[in-house]
Amino acid sequence: MDQRVSDDPLNIADRLARVLHLRNGRRLGYAEYGAPDGQPVMALHGTPGARTMFAVADQAARAKGIRIIAPDRAGYGLSEAHHFDTLADTAGDIEALADWLGLDRFTLAGYSGGAPHALAAALLMGDRIERVALISPVGLVAEGAHVPMTGVQHFIFSYLGNSQFAARMYFHSVRSMIAWLPGGAKMLVTQYASESDRAILRQPGLRELLDLTMHEGLGTSVDGAVQDLRLYCRPWGLPLHELEAPAHIWQGAADTIVAPEAAYQLAKALPNCTLEVLQDMGHYWLFGAFEGILETIREKPRQEFAPKTGLRTWFGVS
């Protein structure tokens, strides 16, 4: 029987944390939420972040019969830092975890900075992937096409993304802020958040969960976050046109953290993709909408998850 202390995300955020020792001896941390025997979804956190961010979806996932497996990427949380040369190289960790857990077919989900890694893993594992769900994804920010960006987005994806020294100094400052200032994580994410994001981030307990997730993500080192920017702020080198699994992208039109246009271009680059544009929504809307995302994943089998060809866009929050 699946016994829990309560439905409070903070009470279950890290109780199910586990560590897999890879063949090369490196540690890979992960946690599981939702229904233990449910439909498997491998969920990849943002930048910076950690496995604990998906604790907020635990209750909804249990109700819908979905098993969420949330790994820490290399250099985050319980996962040992490791240098990868390309995005494609990072996919091996996801495959190793799926093999260890005996997952034959499953969904890959990526939030924000986890999206490029989810696509890399989906391309590696081919028909093992039922579908790819990308939520407020980091899109094609360095593929040669002009992408309109705000000043904050330029700072992240152009300045920090092209200077490992600057990125390291920035994330060290973030690490210090959340270590010494109560509620520092929420203060950080709301500094440039949209009005809709700020309303969502006022949910009870969410500030504490964000603090926990930031502490987990940056507590050991800043290597994971610096590596993320290095990998996805340059050309990805992924054959996106070869993706076998259908994809679904949810993107807030008022996102102040990632560039919406980059996500729209990503949707056009994928051969079988549904793009859902959420008007007036920012970057953190998923914290108030996990149930709807899980419902979309649960209800639509692979062959119906997205159109056979082309692109569909819905306007308005669903």
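Please refer to the structure placed before this passage.
Residues numbered from 1 in each chain as written. Predicted model: local features only at pLDDT ≥ 70, side-chain atom pairs only at ≥ 80, totals over all residues. Heavy atoms only, no water.

Participant: Hey, could you run me through the packing of helix 3 (residues 87–101) against helix 4 (residues 115–125) in this one?
Facilitator: Geometrically, a packed helix pair is captured by the angle between its two axes and the distance between the axes. Contact pair helix 3 / helix 4: the axes reach a minimum separation of 8 Å and the direction vectors enclose 75 degrees. By the angle class used here, helix 3 and helix 4 are roughly perpendicular. Residues Leu87, Ala88, Thr90, Ala91, Gly92, Ile94 and Glu95 of helix 3 pack against Pro116, His117, Ala120, Ala121, Leu124 and Met125 of helix 4. (Axes fitted to C-alpha atoms, helices over the stretch in contact; angles between N-to-C directions. Helix = DSSP H or I, 4+ residues; strand = E, 2+ residues; numbered from the N terminus. Parallel < 35°, antiparallel > 145°, perpendicular 65-115°, else oblique. Contact = heavy atoms within 4.5 Å.)

Participant: What is the right way to look at the packing of aromatic side chains in this model?
Facilitator: Here a ring pair, both rings aromatic, is described through the centre-centre distance and the interplanar angle of the planes. Throughout the structure, instances matching the rule amount to five aromatic pairs. On the basis of an interplanar angle of 80 degrees and a centroid distance of 5.6 Å, the ring pair of phenylalanine 155 and tyrosine 170 is categorised as edge-to-face. Placement of phenylalanine 155 in helix 5 (residues 151–159) and of tyrosine 170 in helix 6 (residues 164–180) is noted, with a sequence separation of 15 residues between them. With relative accessibility at 34%, the residue phenylalanine 155 sits in the partly exposed group. Tyrosine 170 gets classed as partly exposed once you look at its relative accessible area, which sits at 28%. Among the aromatic side chains, those forming a connected cluster through ring pairs are Phe155, Tyr159, Tyr170 and Phe171. (Phe/Tyr/Trp six-rings, centres within 6.5 Å; stacked < 30°, edge-to-face > 60°. Buried < 20%, exposed > 50% of the residue type's maximum accessible area, 1.4 Å probe, protein only.)

Participant: Could you clarify how one ought to interpret the side chain of glutamate 130 in this entry?
Facilitator: Of note, glutamate 130 is situated in strand 6 (residues 129–135). Overall, the relative accessible area of 18% leaves glutamate 130 in the buried class.

Participant: Sorry if this is basic, but what is going on with unusual backbone geometry here?
Facilitator: Of all residues except glycine, most have a negative phi; of all peptide bonds, most are trans. Cis geometry marks the peptide bond from threonine 47 to proline 48, where omega comes out at -15 degrees. As for its position among the elements, proline 48 is in the loop between strand 3 (39–44) and helix 2 (58–63). Here serine 112, not a glycine, exhibits a phi torsion of approximately 55 degrees, which is positive. With respect to the helices and strands, serine 112 occurs in the loop between strand 5 (106–111) and helix 4. The buried category is assigned to serine 112, whose relative accessible area is 7%. The phi dihedral of aspartate 280 falls on the positive side, at around 70 degrees, and the residue is not glycine. Mapped onto the elements of the fold, aspartate 280 is located in the loop between strand 8 (273–278) and helix 12 (290–299). Given the relative accessible area of 60%, aspartate 280 is considered exposed.

Participant: For this particular structure, what's the right way to read the nonpolar core?
Facilitator: Inside soluble globular proteins, nonpolar side chains tend to come together where they are buried. Among the nonpolar cores identified, the biggest contains 104 residues, and Met42 and Leu270 are the most heavily contacted of them. When residues in this core are grouped by element, the largest group, seven residues, is from helix 4. In contact with leucine 270, other than residues within four places in its own chain, are Leu119, Leu134, Leu240, Leu243, Ala247 and Ile249. (Core = buried A, V, L, I, M, F, W, Y, C linked by side-chain atoms within 4.5 Å.)

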